[in-house]
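Spelled out, the chains give:
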Amino acid sequence: RAMLDKLAPQAPDALLALIKMHAADPRSDKIDLGVGVYRTNEGATPVFRAIKQAEKRLLEVQDSKSYLGPEGDGGFVKALMLYIFGDDSPLAGRIEGMQTPGGTGAVRLAVSLAAKAGVTRIHLGMPSWPNHAQILQDVGVEVVPFDHANSDGTANLDAVLGAIRGAGASDAVLLHGCCHNPTGIDYTPDQWDAIAEAFAETGVLPILDIAYQGLGQGMEEDVAGVRAVLAKVPEALVAYSCDKNFGLYRDRVGAFYMIAREGGDMDAISSNANALARANWSMPPDHGGAAVRLLLEDDGMTAVWQEELDEMRARMRRVRDRLAAADNEVPGLNLAALGDQNGLFAMLPLSKDQIASLREDHGIYMAGSGRINVAGLHQGNIEKFIAALGEVTKG
């Protein structure tokens, strides 16, 4: 029978290969722009000061490690809602949430629940986070791509409106809430208003993925578009990640929220979500979610956390501003557009040969797509990066 012999080999993860190449490079001035984590000016990805405080508190007060159930830590889920939906949200009585293993688990649960409700196709702006398409395909939902970005580094509003207005009765549309991965190109407030109107007119189900709140323009600004959509639509699904804005990458902390129509059967919706979670991971890991709950319940720790987010956002803005100012130094790449974009990532229109030259000749490592993690740049290496870009693009 040899059932396992029927499995075909899968292509290795390109980013993991890049990590290995960077680690093996002996050059002391090498630059890693591939791995999608925040880095300080010294190149470290530290544990947040506020999380350290919360974990110390958790060590003192946690009295059990018994099971929580598939919905996870309810206090964590509720504490996040204020920051995502606002303290005057019109969604009262129409929203339920649950904890998930990271933002990936939240997206997976959103797509699985949508599919169980009858969604067969999901429109996805491309390029997107690679795992989006993988999740959709694994769940068995058809991916319908549209162009997210224009060549000038702005969002393609016509394409997303066309996707929403052209969607069928069994379609949904998945959008990034802020700090688009991998382009850094977000919708403007006016564009979000137009998107919200299109969803309201068509009744198409929005799936909103919020993975970087606080790392773009600010905590409120980064979810203003999501709130504009939710204020207009009868129902929606929201996936949320705490990996980046709490620095909890390896602890896998996420949340999933279901917004039901007025008078909808929330018990049916949430019970189906619980059943899917139970079948996928039984219940989420507790430690990181509990730490976030304790942090958000304490005004002092919350203030420290928000200061840290301000520091991170300001540092990435300085990097973007320097890259934008170097536009004339590197003709043909439109670095100026990076100054108007947000978050950790940006896309550079480099050829495979140029990316290989950056790696081999200059020790600069980035994804083969041209995606860079701007947090990998800092005062000590950004001038080298700009000069290397000029070298590989000249002529």
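Residues numbered from 1 in each chain as written. Predicted model: local features only at pLDDT ≥ 70, side-chain atom pairs only at ≥ 80, totals over all residues. Heavy atoms only, no water.

### Structural notes on the sheet that holds strand 2 (residues 95-101)
Keep this limit in mind: For two strands to count as paired, DSSP must find a minimum of two bridges between them. Put simply, DSSP marks the helices as runs of H or I at least four residues long and the strands as runs of E at least two long, and each gets a number from the N terminus on. Orientation is described by axes fitted as lines to C-alpha atoms, over the contacting stretch for helices, and by angles from 0 to 180 degrees between their N-to-C directions. The contact rule is simple, with two residues in contact once any of their heavy atoms fall within 4.5 Å.
Read from one edge of the open sheet, seven strands run 2-8-7-6-5-3-4, paired in mixed fashion. Taken across any chain shown, the strands that pair with only one partner, and hence form the sheet edges, are strand 2 and strand 4 (142-147). Going across the sheet, the axis of each strand differs from the next one's by a mean of 20°, ignoring polarity. As paired strands, strand 3 (residues 121-126) and strand 5 (residues 171-176) are joined by four bridges and run parallel to one another. The residue of strand 5 that forms the bridge with Ile122 is Ala172. Seen against the sheet, helix 4 (residues 102-116) touches strand 2, strand 3, strand 6 (205-210), strand 7 (236-241) and strand 8 (253-259) and runs at an angle of roughly 30° to strand 8.

### Focus: the packing of helix 12 (residues 352-362) against helix 13 (residues 382-393)
Rules: Oblique is the label for any angle not covered by the other classes, which are roughly parallel (under 35 degrees), roughly antiparallel (over 145) and roughly perpendicular (65 to 115). Crossings are assigned a handedness: left-handed for a near helix turned anticlockwise from the far helix by less than a right angle, right-handed for a clockwise turn.
It is at 10 Å that the axes of helix 12 and helix 13 come closest, and there the two elements cross at 125°. As far as their axial angle goes, helix 13 and helix 12 are oblique. Of the two possible hands of crossing, helix 12 and helix 13 adopt the one that is right-handed. Touching Gln354, Ser357, Leu358 and His362 of helix 12 are Lys384, Ala388, Leu389, Glu391, Val392 and Thr393, all from helix 13.

### Here's the deal with the environment of Met301
Residue placement: Met301 occurs in helix 11 (residues 299-325). Distance from Met301 to Gly225, taken between C-alpha atoms, is 27 Å for residues 76 residues apart in sequence. Beyond its immediate sequence surroundings of up to four residues, Met301 is in contact with Ala50, Gln53, Ala54, Arg57, Leu294 and Leu295.

### Some details on the packing of aromatic side chains
Rule in force here: Any pair of Phe, Tyr and Trp rings, taking the six-membered ring for Trp, is counted once the centres come within 6.5 Å. Such a pair is stacked with planes under 30 degrees apart, edge-to-face with planes over 60 apart, and tilted for the rest. Only protein chains enter the area calculation, which uses a 1.4 Å probe; residues under 20% of their type maximum are buried, those over 50% are exposed, and those in between are partly exposed.
A full pass over the atoms with the stated rule returns five aromatic pairs. Relative to Trp192, the ring of Tyr187 lies with its centre 5.3 Å away and its plane at 85°, an arrangement referred to as edge-to-face. Overall, Tyr187 belongs to the buried group, its relative accessible area being 9%. Note on Tyr212 and Phe345: the rings are 6.1 Å apart at their centroids and 85° apart in plane angle, and the pair reads as edge-to-face. Taken together, the residues span a long stretch of sequence, with Tyr212 in the loop between strand 6 and helix 8 (224-230) and Phe345 in strand 9 (residues 345-347) at a distance of 133 residues.

### Things to note about the pairing of strand 8
Of all seven residues in strand 8, seven are buried; the element is thus mostly enclosed. A two-sided burial pattern is seen for strand 8, the buried positions comprising Val253, Ala255, Tyr257 and Ile259 on one face and Gly254, Phe256 and Met258 on the other. In this structure, strand 7 lies alongside strand 8, joined through six bridges in antiparallel fashion. Paired with Val238 across the bridge in strand 8 is Tyr257.

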